[in-house]
Amino acid sequence: MEIECTCGFNCVEDAPTTLKHIKELYTHCNKCKDPKLRKFKPLKDQLNLKKLNANSGLCNCGKRHLDQVMAHTLKIMMEEGIRAEGSTLRNAGTPLLSPAYPITSAPYLPNKSLVILAEGMNKKCAERIINEIPEVKGVLKGDIKQTVGLKDSNSSPHVYKLLAGCDMRCDIVLTPYDTLCIYKNQAEIHVEFSKPISPKIEALKKIITKYNDLTVLDCTCGPGTLGIACLKSGAKKVVFNDLWYPATKMAILNLEVNGFKTNFFDVRKGLIGSGKNFEVYCENIMDLKDILTEKFDICIIDTFPGVDTADFVESVKEMCREVVII
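Residues numbered from 1 in each chain as written. Predicted model: local features only at pLDDT ≥ 70, side-chain atom pairs only at ≥ 80, totals over all residues. Heavy atoms only, no water.

Here we look at helix α4 (residues 123-132)
Inspection of α4 places Cys125, Ala126, Ile129 and Ile130 among the buried residues, and these make up the whole buried set. For α4, the angular spread of buried residues about the axis comes to 135°, placing them on one side. Opposite its buried face, α4 presents the exposed residues Lys124 and Asn131, each directed more than 90 degrees away. Where α4 is buried, its residues touch α3 (66-79), β5 (136-141) and β6 (161-165). By the N-cap criterion, in which a side-chain oxygen at the helix start approaches the backbone nitrogen of a residue two or three places on, α4 is capped by Asn122, the distance to Lys124 being 3.3 Å. (Buried < 20%, exposed > 50% of the residue type's maximum accessible area, 1.4 Å probe, protein only. Helix = DSSP H or I, 4+ residues; strand = E, 2+ residues; numbered from the N terminus. Arc of directions from axis to C-beta. Contact = heavy atoms within 4.5 Å. Polar contact = N/O pair within 3.5 Å; in protein donor to acceptor, adjacent residues only side chain to side chain.)

Given below as structure tokens:
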């Protein structure tokens, strides 16, 4: 599978390329300015909106403070009637960095480094944001409180709507074994925010250290984070699986990005990809016992919040020595 984005631009890079300058990507130079905007005060009372444009707050180094970019976004939303005249920065939507790296202070953004997720967005407004704000690479319509994806086989999938630009994002995940670059089309894959220490990775580390020549069934793999971490830890074999096809396709892409050569089969069900010591399936977790004949040391179950995992555990418990619920 080639490392590329469907938008036709250079949105996807291999991990070494992405990570080469990641620590400096959102830092500021000594001439960058903090607009010192207050999140809960109406924007019109803090800035002259008529003069707010792509050059407002732009440093010679080519970066702008995140709040300045979100203020510009909010201005356009107010002009298009998407937000009320007295709106604050809290009404501008959710800014999603790409690549998203754990940082301790507000970022200063280079071009094409932000995806905006906002309720009530329309196509005209989204296109204006893309055309007028260089830092924004994509605009999504959706509610951050609603989880994207497919919870189980009895549920209907929920997705955001991409209105303009490209929604391909990269999350930087720090693990004890290597730093991972996890790409996802954000309209179709649930949002996660980068943290210096991932609770999921920490929980997984405590389990995998108990086994030699570890074999893993990642039953609900999503874009592949936990299974790839297992491979990086030296696992002998990992089988990835998810019922949601967009997630498994992203898992294959992320395997490639993180250094695992992958064969991609152009099918939407069953075995959709494989490599030297891994396979990727798009199947209902309940059916895996009839598809896979091998036994595993651990089965990882990482579901959406609030999903009852009892049936999941029951369906895989005979396939492994230990079921790990993350």
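Things to note about the sheet that holds strand β2 (residues 94-97)
Sheet architecture is open: 4 strands sit in the order β2-β4-β5-β6, paired in mixed fashion. Each edge of the open sheet is held by one strand with a lone partner, namely β2 and β6. Pairwise comparison of adjacent strand axes, ignoring direction, gives a mean angle of 25° for this sheet. Direction of pairing for strand β4 (residues 114-118) relative to β5: parallel, over a ladder of 5 bridges. Residue pairing across strands places Ile116 opposite Val139, the latter belonging to β5. Across the sheet, α3 lies against β2, β4 and β5, angled at about 45° from β4, the strand it touches most. Each of β5 and β6 touches α4; the most contacted strand, β5, lies at about 165° to it. (Pairing = 2+ DSSP bridges. Axes fitted to C-alpha atoms, helices over the stretch in contact; angles between N-to-C directions.)

Notes on the side chain of Thr94
Take Thr94: it is sitting in strand β2. Beyond its immediate chain neighbours, meaning those up to four positions away, Thr94 contacts Val115, Ile116, Leu117, Ile144 and Phe193.

Description of a nonpolar patch on the surface
Residues Phe265, Val267 and Leu271 make up a contiguous nonpolar surface patch of about 200 Å² in total accessible area. Tracing the chain through its elements places Leu271 in strand β12 (residues 270-275). (Patch = residues over 30% accessible without salt bridge, like charges linked within 9 Å, V, L, I, M, F, W, Y side chains within 5 Å. Areas by Shrake-Rupley, 256 points an atom, 1.4 Å probe, with all protein chains shown as cover. Salt bridge = Lys/Arg side-chain N within 4 Å of Asp/Glu carboxyl O.)

Notes on the state of the cysteines
Counting across every chain of the model gives 0 disulfides. Not part of a disulfide, Cys32 finds its nearest cysteine sulfur in Cys61, a span of 3.5 Å. In this model Cys181 remains outside any disulfide bridge; the closest cysteine sulfur is found in Cys170, 4.3 Å from its own. (Disulfide = S-S within 2.5 Å.)

Remarks on the packing of α3 against α4
For the pair α3 and α4, the least separation of the axes is 10 Å and the interaxial angle reads 145°. The handedness of the crossing between α3 and α4 is right-handed. Only Cys125, Arg128, Ile129 and Glu132 of α4 make contact with α3, whose side of the interface consists of His72, Thr73, Ile76, Met77 and Glu79. Taken together, the residues of the contact of α3 with α4 sort by class into 4 nonpolar, 2 polar and 3 charged. (Left-handed = near helix turned anticlockwise from the far one by under 90°. Nonpolar A, V, L, I, M, F, W, Y, C, P; charged D, E, K, R; others polar.)

Description of the side chain of Thr262
Structurally, Thr262 can be placed in the loop between α7 (245-257) and β11 (263-264). At 2.8 Å, the side chain of Thr262 forms a polar contact with the backbone oxygen of Phe260.

So, the environment of Gly57
Along the chain, the position of Gly57 falls in the loop between α2 (22-25) and β1 (64-65). You can call Gly57 partly exposed: its relative accessible area is 31%. Distance in space between the C-alpha atoms of Gly57 and Lys33 is 6.5 Å, their sequence separation being 24 residues. In this structure, Gly57 is in contact with Lys63, Arg64 and Gln68, ignoring residues within four places of it in sequence.

A word on the pattern of salt bridges
The tally for this structure, following the rule as stated, stands at 22 salt bridges. A salt bridge links Arg128 to Glu132, with the shortest nitrogen-to-oxygen separation between them at 2.8 Å. Of this pair, Arg128 and Glu132 both sit in helix α4, 4 residues apart, roughly one helical turn. For Glu192, the salt bridge identified is with Lys184, shortest N-O distance 4.0 Å.

Description of the pairing of strand β8 (residues 179-185)
The buried fraction of β8 amounts to 6 of the 7 residues, a majority that puts the element mostly inside the structure. As judged from the 7 bridges shared by strand β7 (residues 168-174) and β8, these two strands associate in the antiparallel manner. Bridge pairing links Arg169 to Lys184 in β8. Linking β7 to β8, which pair antiparallel, is a turn of 4 residues.

So, to be careful, I would describe these as geometric facts and stop short of saying anything about function.
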